[in-house]
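# Coordinate inspection notes
For reference, the chains in residue letters:
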Amino acid sequence: MPQNTAELVDLLDLEEIEVGLYRGPQPRTQLQRTFGGQVLAQSLVAAYRTVPERTCHSLNAYFLRPGNADKPIIYDVEVLRDGSAFSSRRVVARQNGKTIFAMNCSFHELEPGLDHSDPMPPGVPAPEDCPTLFEVMAQRFGHTSPLWKEWDALEVRFAGDSGRSHQIAAGAHGAHMRVWVRTSERLPDDPRLHQAVLAYLSDMTLLSVSTVPHEVAFLSEQMQVASIDHSMWFHRAVRCDEWICYDQVSPSASHALGFSTGRLLQGDALVASCSQEGLIRVVERN
């Protein structure tokens, strides 16, 4: 995975094969399959290549097959509609002739209108007062999976959960977790790139919140995990090189499936919302 911000930007720089057809690079990684956030972000970049002067406001995606981390991914963008204020695109990602991912997304020509937002939740500790997520996992489970180091292009700090830390009161949700996140270095000013990076990071911890009430280590041989679907709504402009509070809850987990929702806040405004369902299967140890 990208070791720094420059490598993350390069990962999102797709090669145009022909109009509407793009090739996405793969990073060096220890992961056996392609990180879902990477496919989500690269798909959004591919769609943006076909949309002039409009901003993505929503996307809905399905992860259909695991991606091979050793081979590039081909993104095929279908133009569904260009209306007076909205544009719709469908992106299909393929490897070895098979579809591994499909996404519908909608773009809007920004216009003035009614405006309100949820504020930052009260009592969230400042990022500089929070340990890194890697440190928390080491303390809780007595080891640190090398897989957590795959996201070194991002700085992620643990701001509390409703589980062992008791920093968030239990009862309001089945599971609740907050992290602060930003890129480790400054990004270019392109707002489309910041949206793509936001999509990338949104997949990193969202499914894991569904395991917070349970005595399991999310990234370990104890669990088989995979994103199944992912929806996202972009409300306001965001800078991913500045701190974002990722407020995540899991209302339900059942039948080896976890469902989670997330709010991404910056300053005192909600910049994006997302939801995801994924596989959280406990694997019996030999």
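Residues numbered from 1 in each chain as written. Predicted model: local features only at pLDDT ≥ 70, side-chain atom pairs only at ≥ 80, totals over all residues. Heavy atoms only, no water.

This paragraph deals with the overall build of the protein chain. Scanning the protein chain from N- to C-terminus turns up four helices and twelve strands. Its C-alpha atoms give the protein chain a radius of gyration of 18 Å, near enough to 19 Å, the size a compact globule of 286 residues would have. Dimensions along the principal axes, computed over C-alpha positions, put the protein chain at roughly 50 × 50 × 35 Å. For the protein chain, the proportion of its 286 residues judged to be buried stands at 53%. (Helix = DSSP H or I, 4+ residues; strand = E, 2+ residues; numbered from the N terminus. Rg over C-alpha atoms; globule rule 2.2 N^0.38 Å. Buried < 20%, exposed > 50% of the residue type's maximum accessible area, 1.4 Å probe, protein only.)

Across eight bridges, the pairing between strand β4 (residues 73-82) and strand β5 (residues 86-95) is antiparallel. Each residue of the ladder has a partner; that of Val 79, found in β5, is Arg 89. Connecting the antiparallel pair β4 and β5 is a turn made up of three residues. The sheet contact formed by β5 and strand β6 (residues 98-108) spans ten bridges and is antiparallel. Within β6, the residue paired with Val 92 across the bridge is Ala 102. Linking β5 to β6, which pair antiparallel, is a turn of two residues; within it Asn 96 sits at a positive phi near 55 degrees. (Pairing = 2+ DSSP bridges.)

What follows covers the side chain of Ser 275. Of note, Ser 275 is situated in strand β12 (residues 269-282). Other than its neighbours up to four places away in sequence, Ser 275 contacts Leu 206, Asp 229, His 230, Ser 231, Trp 233, Phe 259, Ser 260 and Thr 261. (Contact = heavy atoms within 4.5 Å.)

Bringing the packing of aromatic side chains into the picture now. Evaluated as defined, the whole model comprises three aromatic pairs. With 5.2 Å between their ring centres and 85 degrees between their planes, Phe 35 and Tyr 200 make a pair best called edge-to-face. Of this pair, Phe 35 sits in the loop between β2 (21-24) and α2 (36-48) while Tyr 200 sits in helix α4 (residues 191-202), and the two are 165 residues apart along the sequence. The class for Phe 35 is buried, based on a relative accessible area of 8%. Between Tyr 48 and Phe 107, the aromatic rings sit 5.0 Å apart at their centres with planes inclined by 70 degrees, giving edge-to-face as the arrangement. Placement of the pair is Tyr 48 in helix α2 and Phe 107 in strand β6, with a sequence separation of 59 residues. (Phe/Tyr/Trp six-rings, centres within 6.5 Å; stacked < 30°, edge-to-face > 60°.)

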